[in-house]
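One-letter residues, chain by chain:
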Amino acid sequence: MSAGTMELNTTLDLYPDTTVTMALFSQVTNGAEIRRKITDGTIAAAVINAQMICDPFQVLVAVNKAVHLDKLDRKKTKTVFGEILFNLSPGNNILAAYQKFGVQDAKSQDLLLVLLNDPQGQQLEQVYSIIQGTRIPLESLRDIVDEQKIIKLFKIPDAERKVGRLVDVVVCRMATKDAG
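Residues numbered from 1 in each chain as written. Predicted model: local features only at pLDDT ≥ 70, side-chain atom pairs only at ≥ 80, totals over all residues. Heavy atoms only, no water.

Peer 1: Would you take a moment to explain the nonpolar core for this structure?
Peer 2: Soluble globular proteins tend to pack their nonpolar side chains together in the buried interior. In terms of nonpolar packing, the biggest core is built from 42 residues, with Met-22, Ile-48, Val-59, Val-63, Ile-84, Leu-88 and Val-114 touching the most fellow members. Breaking this core down by element, the ones donating at least two residues are β2 (19–28), β3 (46–49), α2 (56–71), α3 (80–88), β4 (109–116), α6 (141–144), α7 (147–153) and α9 (166–176). Setting aside anything within four residues of it in sequence, one finds Ile-48 in contact with Ile-53, Val-59, Ile-84, Leu-85, Leu-88, Phe-101, Asp-110, Leu-111, Leu-112 and Val-114. Residues Ile-43, Val-103, Leu-111 and Leu-113 belong to the second largest nonpolar core, which totals 15 residues. (Core = buried A, V, L, I, M, F, W, Y, C linked by side-chain atoms within 4.5 Å. Buried < 20%, exposed > 50% of the residue type's maximum accessible area, 1.4 Å probe, protein only. Helix = DSSP H or I, 4+ residues; strand = E, 2+ residues; numbered from the N terminus. Contact = heavy atoms within 4.5 Å.)

Here's what the structure looks like:
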């Protein structure tokens, strides 16, 4: 990403017919309304608590897995967007994943928006008109992330933190949560 990139647009390697768009918003004040619109289908997107994301790669891993399970008709949630939130979580409790990684009722929060198959940007503009907040460069995610919350949620010991980047540890945990 170049400096000041407002969003990330990419194609999934395993599913080249699927595009992913990510955009970051700060100081969002209408979280409850956004969640209602997700529930009633007005917003077809994953809206993620940006404090819980250490790198866009973490989200791409969750999106890849969600799209894969959707194509196999093996999702654990009702929608591919719910599956993205679930895949971000280290555990197997869907409600807990939504509570930790989903949009909150807070007075002000930072949100990462994930859309699928929006090459013309029409969905992004529709959701942008609903979100009461400021669209900021995706690079700002590094200033928003709450590493301590992530370390606590994923139960990452100090020794493990010293040998690699936080995103590497988190993605490894996400990828292996179903193993065993």
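Peer 1: Help me understand the packing of α2 against α9, please; the structure alone is not making it clear to me.
Peer 2: Packing of α2 against α9 brings their axes to within 9 Å, and their N-to-C directions diverge by 15°. Relative to α9, the element α2 is oriented roughly parallel. Seen from above, α2 lies across α9 with right-handed handedness. Across the interface between the two elements, Phe-57, Gln-58, Val-61, Ala-62 and Lys-65 of α2 pack against Val-167, Val-170, Val-171 and Met-174 of α9. (Axes fitted to C-alpha atoms, helices over the stretch in contact; angles between N-to-C directions. Parallel < 35°, antiparallel > 145°, perpendicular 65-115°, else oblique. Left-handed = near helix turned anticlockwise from the far one by under 90°.)

Peer 1: Which parts of the structure should I look at to understand the environment of Lys-149?
Peer 2: In this fold, Lys-149 is placed in helix α7. Exposure remark for Lys-149: the relative accessible area of 42% places this residue in the partly exposed category. It is 8.2 Å that separates the C-alpha atoms of Lys-149 and Gln-51, two residues lying 98 residues apart in sequence. The residues touching Lys-149, leaving out its near neighbours within four places in the chain, are Gln-51 and Met-52. At 3.2 Å, the side chain of Lys-149 forms a polar contact with the side chain of Gln-51. (Polar contact = N/O pair within 3.5 Å; in protein donor to acceptor, adjacent residues only side chain to side chain.)

Peer 1: I keep staring at the state of the cysteines and nothing clicks. Help me out?
Peer 2: Working definition: the covalent bond between the sulfur atoms of two cysteines is a disulfide. According to the stated counting rule, one finds zero disulfides in the structure shown. Looking at Cys-54, it has no disulfide partner, and the nearest cysteine sulfur is the one in Cys-172, 13 Å off. A relative accessible area of 17% means that Cys-54 is categorised as buried. Look at Cys-172 and you get partly exposed, because its relative accessible area is 46%. (Disulfide = S-S within 2.5 Å.)

Peer 1: Could you clarify how one ought to interpret the layout of surface pockets in this entry?
Peer 2: If you roll a probe as big as a water molecule over the atoms, it shows you where there is empty space left. When its volume is computed, the largest pocket comes out at roughly 580 Å³. Residue lining of the largest pocket: 23 residues in total, with Ile-38, Thr-39, Gly-82, Leu-85 and Tyr-98 positioned closest to the centre. Looking at the lining of the largest pocket, the elements with two or more residues in it are α1 (31–39), β3, α3 and α4 (94–101). In terms of residue count, the dominant contributor to the lining of the largest pocket is α4 (four residues). Here the lining of the largest pocket is composed, by residue class, of twelve nonpolar, eight polar and three charged. (1 Å grid on protein atoms, 1.4 Å probe; cavity = no way out; pocket = protein on both sides within 12 Å on 5 of 7 lines; lining within 4 Å. Points joined across faces, edges and corners; volume = space filled by probe spheres on them. Nonpolar A, V, L, I, M, F, W, Y, C, P; charged D, E, K, R; others polar.)

Peer 1: What exactly am I supposed to notice about the side chain of Lys-177 here?
Peer 2: Considering the arrangement of structural elements, one finds Lys-177 in the segment after α9. Judged by its relative accessible area of 11%, Lys-177 is buried. A polar side-chain atom of Lys-177 sits 2.7 Å from the main-chain carbonyl oxygen of Phe-86. Residues in contact with Lys-177, not counting those within four places in the same chain, are Phe-86, Asn-87, Ser-89, Pro-90, Gly-91 and Asn-92.

Peer 1: What am I meant to see in the pairing of β2 here?
Peer 2: In terms of burial, β2 is largely enclosed, as eight of its ten residues are buried. Where strand β1 (residues 7–11) and β2 come together, five bridges link them in antiparallel fashion. Bridging across to β2, Thr-11 finds its partner in Thr-19. As defined by bridge partners, β2 adjoins β4 across seven bridges and the pair is classed as antiparallel. Within the sheet, the bridge partner assigned to Thr-21 lies in β4 and is Leu-115. (Pairing = 2+ DSSP bridges.)

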